[in-house]
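# A look at the structure
As a plain string of letters, each chain reads:
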There are 2 protein chains.
Amino acid sequence: MPYRRTPRVEARLSASRERVLAAALAIVAEHGYAGCSVAGVARRAGMATGSVYRHFPSKADLVAEVFRTASQREVDAVARAASLERTAAEGIAAVIETFTGRALRAPRMAYALLAEPVDPAVDAERLVFRRAYAEAIARLIARGVATGELPGQDIEVSAAALVGAIGEALVGPLAASASAAAEAPSGLPHDAIPNLITFAQRSLGAVT
Amino acid sequence: MPYRRTPRVEARLSASRERVLAAALAIVAEHGYAGCSVAGVARRAGMATGSVYRHFPSKADLVAEVFRTASQREVDAVARAASLERTAAEGIAAVIETFTGRALRAPRMAYALLAEPVDPAVDAERLVFRRAYAEAIARLIARGVATGELPGQDIEVSAAALVGAIGEALVGPLAASASAAAEAPSGLPHDAIPNLITFAQRSLGAVT
DNA sequence: ACAAGAATTGAACCGCAGTTCAGTTCTTTA
DNA sequence: TAAAGAACTGAACTGCGGTTCAATTCTTGT
């Protein structure tokens, strides 16, 4: 019985899979889902179109995994920033600064994660993504309520609402700079971020 | 010179246009954009596929107008509800009740307006839609600040953030009930709406 | 009634990107 | 080195729905 899958091959296969994923991620980061075709991903990964299907059963699966990877990265960054702060008020400020800072530095990717049209299979991942944010914020709020810094409230509702509030403040500007080819990212008014922070702190009942 | 466009024909033409629009609106309300094909619209409007193109240069134009019509209706309902209330606190409560009430009564349409994937041409309309909401809420906040009921704040940021907050609280449940064929609309937890109202009022600095 | 021209029809067309697959190349074991 | 079988290739296939257009049916003014 010649040929049994050896560790060497296994390693090369999983390296190939990673290359596909990385290529797709890079393309989405640069051109969004709109610019992400299977042929393009394959070219960038240095392989034939058909080979992509050795690693992913369909484009939807590939894109969903791209989405998961990218969003996990974002959520981790935000959750980490929140956990470094002492009070809930400082925590929420750190969340907003981290979130908006990263989004403005990579507007095409942020638009892809937040709002770009995708097929329904991937849209489901978007809900997971938003939910993960909401959970990170919920932990923050729960801490604040426990220490008495924040008044009692429906933590799930507050967290979801804040996710929406933060996202919404960015979607307009991001959509604008995502359609415009390549431009200075910040179409955001000057004081928008500090004002958003104030809004968020007040919405949680933090006394500043 | 025989045949000059007579009022009679003109009337029939614009009636046809309306039939197309109404058919498309009905289909979107029932099955979302996903279920809205040109052939389907034509069938429902009682005409041939090609005739749709006598009234709209492309599907994107048709869908954009459907979107505009439907969203105008929603914005008007919310703005009207807000204007009937005396205080900003009551106004924002009315906005949330109206918005969520209508959305839960027509979840497929709400999902189509808020979150369903569409082609970029139509996505631009979505920004207009959200902006219109934000303007209605901004007026409400401005009134409250003017009367001293609300503290000074960045009205645009507060309004955009609230639009996001309200939308986000609904997107999860709506996405769930939009994919499930036809089910009882409310996947919303019991107290979510009053709690969202409390959140919104606190976020504006209303003393309740 | 008739000619001129518009509106309507619906089947055929088309473009596109995801997917497939027969042929080729590479890897492994004996 | 040879045979067995996997991995890889990329051109061809496919399905779908928006769009078109030659043929037909209506409408209008003389």
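All of the points below concern the structure found in this document. What you see is a predicted model, and the numbers here were worked out from it, not measured in a lab. (Residues numbered from 1 in each chain as written. Chains lettered and ligands numbered in written order. Predicted model: local features only at pLDDT ≥ 70, side-chain atom pairs only at ≥ 80, totals over all residues. Heavy atoms only, no water.)

Turning our attention to the relation of the copies chain B and chain A. Here chain B sits on chain A after a turn of 180° about the axis and a move of 0.1 Å along it, with an RMSD of 0.0 Å. Such a combination of turn and shift is consistent with a two-fold rotation axis. Considering only C-alpha atoms, the residue of chain B closest to the rotation axis is B:Ser203, which sits at 1.7 Å. (Least-squares fit on C-alpha atoms with pLDDT ≥ 70 in both.)

Next up on the list: the packing of helix H5 (residues 88–105) of chain B against helix H6 (residues 107–114) of chain B. Residue and element names in this part refer to chain B. One way to put it is that H5 packs onto H6 with a least axis distance of 5 Å and a crossing angle of 115°. Residues Phe99, Ala103, Leu104 and Arg105 of H5 lie in contact with H6, whose contacting residues are Pro107, Ala110 and Leu114. Of the residues contributing to the contact of H5 with H6, the split by class is 6 nonpolar, no polar and 1 charged. (Axes fitted to C-alpha atoms, helices over the stretch in contact; angles between N-to-C directions. Helix = DSSP H or I, 4+ residues; strand = E, 2+ residues; numbered from the N terminus. Contact = heavy atoms within 4.5 Å. Nonpolar A, V, L, I, M, F, W, Y, C, P; charged D, E, K, R; others polar.)

Taken together, 26 residues are adjacent to DNA strand C, and A:Thr6, A:Tyr53, A:Lys59, B:Arg5 and B:Ser51 come closest. A share of 79% of the atoms of DNA strand C within 4 Å of the protein falls on sugar and phosphate groups. At 3.0 Å from a phosphate oxygen of DNA strand C is found a main-chain nitrogen or oxygen belonging to A:Val38. A distance of 2.2 Å separates a phosphate oxygen of DNA strand C from a polar side-chain atom of A:Lys59. For the surface near DNA strand C, the elements supplying multiple residues, two or more each, are helix H1 (7–31) of chain A together with helix H1 (7–31) of chain B. If one sorts the elements of the surface near DNA strand C by residue count, H1(A) sits on top with 3 residues. The residue makeup of the surface near DNA strand C, split by class, is 11 nonpolar, 8 polar and 7 charged. (Near = heavy atom within 4 Å. Polar contact = N/O pair within 3.5 Å; in protein donor to acceptor, adjacent residues only side chain to side chain.)

Moving on to the interface of chain B and chain A. Frequently, the measure chosen for interface size is the accessible area removed from exposure when the parts meet. Taken residue by residue, the interface counts 31 residues in chain B and 30 residues in chain A. Approximately 2200 Å² of surface area, both sides summed, lies buried where chain B meets chain A, with 65% of it carried by carbon and sulfur atoms. Counting across the chain B and chain A interface gives 2 salt bridges. Summed over the shared surface of chain B and chain A, the number is 10 residue pairs in polar contact (both at pLDDT 80 or more). (Buried area = accessible area lost by both parts, 1.4 Å probe. Salt bridge = Lys/Arg side-chain N within 4 Å of Asp/Glu carboxyl O.)

Another point: the nonpolar core. In terms of nonpolar packing, the biggest core is built from 128 residues, with A:Leu62, A:Ile137, B:Leu62, B:Ile92 and B:Ile137 touching the most fellow members. Among residues more than four places away in sequence, those in contact with B:Leu62 are B:Val20, B:Leu21, B:Ala24, B:Val41, B:Val52 and B:Phe56. (Core = buried A, V, L, I, M, F, W, Y, C linked by side-chain atoms within 4.5 Å. Buried < 20%, exposed > 50% of the residue type's maximum accessible area, 1.4 Å probe, protein only.)

A word on the protein's contact with DNA strand D. Neighbouring residues of DNA strand D: 25 residues in total, closest A:Arg5, A:Ser51, B:Thr6, B:Tyr53 and B:Lys59. Each atom of DNA strand D within 4 Å of the protein was classed as base or backbone; sugar and phosphate made up 78%. A:Gly50 is positioned such that a nitrogen or oxygen atom in its backbone is 3.3 Å from a base nitrogen of DNA strand D. Take B:Lys59: an N or O atom from its side chain is 2.3 Å from a phosphate oxygen of DNA strand D.

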